[in-house]
Amino acid sequence: MGKGNAFSLAALAFFGLLAANLIRVKSIGVCYGMIGDNLPSPSDVVRLYQSNGIRAMRIYFPDQATFDALKGTGIDLMMDVPNDVLPSLANDASAAANWVQNNILAHDGVSFKYIVVGNELFGDAANNILPAMSKIWDALCSAGRCNQIQVSTAVSFAVVKNSYPPSKGEFSESFMFPIVNFLKNTRNPLMVSIYPYFSYAQNQAQISLDYALFTSSGPQFSDGPYQYQNLFDAMVDSVYSALEKAGANPALEKKAGGNLAVDYSVSLIAVESGWPGSGGNPVGASLAVGATLSNAQTYNQNLINHVRNGTPKRPGNLETYIFAMFNENKKEGDEVERHFGLFNPNLSPIYPLNFN
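The rules behind each value
- Residues numbered from 1 in each chain as written.
- Predicted model: local features only at pLDDT ≥ 70, side-chain atom pairs only at ≥ 80, totals over all residues.
- Heavy atoms only, no water.
- UniProt positions renumbered as here; feature names shortened; annotations may be inferred.
- Buried < 20%, exposed > 50% of the residue type's maximum accessible area, 1.4 Å probe, protein only.
- Helix = DSSP H or I, 4+ residues; strand = E, 2+ residues; numbered from the N terminus.
- Pairing = 2+ DSSP bridges.
- Right-handed = clockwise from strand over helix to strand, strands pointing away.
- Disulfide = S-S within 2.5 Å.
- Axes fitted to C-alpha atoms, helices over the stretch in contact; angles between N-to-C directions.
- Parallel < 35°, antiparallel > 145°, perpendicular 65-115°, else oblique.
- Left-handed = near helix turned anticlockwise from the far one by under 90°.
- Contact = heavy atoms within 4.5 Å.
- Nonpolar A, V, L, I, M, F, W, Y, C, P; charged D, E, K, R; others polar.
- Salt bridge = Lys/Arg side-chain N within 4 Å of Asp/Glu carboxyl O.
- 1 Å grid on protein atoms, 1.4 Å probe; cavity = no way out; pocket = protein on both sides within 12 Å on 5 of 7 lines; lining within 4 Å.
- Points joined across faces, edges and corners; volume = space filled by probe spheres on them.

- As annotated in an unreviewed UniProt entry, the chain carries the name Beta-1,3-glucanase and is attributed to Rhynchospora pubera.
- In its Sequence similarities (unreviewed entry) section, the UniProt record describing the chain reads: "Belongs to the glycosyl hydrolase 17 family."

And the structure:
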């Protein structure tokens, strides 16, 4: 009887945790953008991550107050090297070493997991990615940290062309090929922003809302042996196809007992994905485009539920970061860019999500 009561109390506590507004899942992090004049303090934000079981954070530049708040929490941190810093690091190994020392090594107790060298760069600016990335990597290795912290860059999905069907995917930008080679040689992942919302908003004649929101009732098309029921999977798998064409082919590796297992030389992280709760029409959209709280909740909840299973081409956990923790009222660009948040400035949820 005593054991039964103890079990019941433990079960009640467990299921009470499951009923919390946000529950942790290993696959999911949330981006912490700070381009706003009404946002809570970093210490409050970190407590919000903790109370909701969110175990991974992305920030877009080093921030001392955030470092202080993160110390000892065990929250995995993905941190960007800002775009405007890349030119100085690309041309100077000592500058890269100093950046690593000041922004990573000096902050004991912060669980740095990824360094993102540049965010969605194109044109001449993209030429700084690889040299800066390699110098940051060398500095981490010199400090004995490259077995703990991975280095990559975040690219827009626009670097992929011929994305339909996914098997046709290939990189459209020449700067991607040496980057992929570096990632392959150092066993680092590629990070890509995957936004079905923008693809849907700008191409509603060919893309249905259900297909974009993960709510299609069945597969929408087949590509070889793979069937696709949502746009997110199709976008991600087109990037995998592009990686393979760029030389990051899956290799067969012998495991214990002589069995063969697929060893992917460059993995993928969906470094940003989300859906706006309001904000009107993005550039290129001619009609109202479904930027509603209901659609945002549907997309993000389905994303959370889905990514632990991976994609048709590559099953298994797909690490994904939802954009974003808050609406950012000072962010530039279309109005819709300011309405991707999950929480209000007073820390209440804009809509409920369950990360279980």
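## Focus on the pairing of strand β4 (residues 111-119)
- Burial within β4 is extensive, with seven of its nine residues counted as buried.
- In this sheet, β4 lies alongside strand β3 (residues 76-81) in parallel orientation, the contact comprising six bridges. When the sheet's bridge partners are listed, Met78 is paired in β4 with Tyr114.
- In this region the chain leaves β4, passes through helix α6 (residues 129-142) and returns to the parallel neighbour strand β5 (residues 150-155); the handedness of that crossover is right-handed.

## A few points about the pairing of strand β1 (residues 28-31)
- In β1, alternate side chains face the same way, and those of Ile28 and Val30 on one face and Gly29 and Cys31 on the other are all buried.
- Here two bridges tie β1 to strand β2 (residues 56-59), and the two strands are oriented parallel to one another. The partner of Cys31 across the bridge, within β2, is Arg58.

## Remarks on the state of the cysteines
- Considering all chains together, one arrives at one disulfide under this definition.
- Sulfur-sulfur distance for the disulfide between Cys141 and Cys146 comes to 2.4 Å. Its torsion about the S-S bond being 115°, the disulfide of Cys141 and Cys146 is classed as right-handed.
- According to the relative accessible area criterion, Cys146 is partly exposed, its value standing at 24%.

## Quick look at the packing of helix α5 (residues 93-105) against α6
- For the pair α5 and α6, the least separation of the axes is 8 Å and the interaxial angle reads 60°. As summarised for this structure, α5 and α6 are arranged oblique, according to the angle between their axes. Helix-helix and strand crossings are classified by hand; for α5 and α6 the assignment is right-handed. Residue-level inspection shows Ala93, Ala96, Ala97, Trp99, Val100 and Ile104 of α5 in contact with α6, the latter providing Lys135, Ile136, Ala139 and Leu140.
- Of the residues in the contact of α5 with α6, the class split is nine nonpolar, no polar and one charged.

## Let's talk about the pattern of salt bridges
- Evaluation of the coordinates by the stated rule reveals eleven salt bridges.
- For the salt bridge of Lys113 with Asp76, the shortest nitrogen-to-oxygen distance reads 4.0 Å. Of the two residues, Lys113 sits in strand β4 while Asp76 sits in strand β3, which places them 37 residues apart along the sequence.
- With relative accessibility at 26%, the residue Lys113 sits in the partly exposed group.
- Asp76 sits in the partly exposed class, given a relative accessible area of 26%.
- A network of salt bridges, in which partner residues are shared, links Arg58, Asp80 and Glu272.

## Observations regarding the layout of surface pockets
- Of the voids in this model, the largest pocket is the one considered here, and its volume is about 1,100 Å³.
- Mapped by element, the contributors of at least two residues to the lining of the largest pocket are β3, α8 (196-201) and α10 (231-245).
- Take the lining of the largest pocket: its biggest share by element is four residues, from α10.
- By residue class, the composition of the lining of the largest pocket is 24 nonpolar, ten polar and nine charged.
- By volume, the second largest pocket is sized at about 260 Å³.
- Tyr240, Ser267, Leu268, Asn317 and Leu318 are, among the 16 residues lining the second largest pocket, the residues nearest its centre.
- Taken together, the residues of the lining of the second largest pocket break down into eight nonpolar, six polar and two charged.

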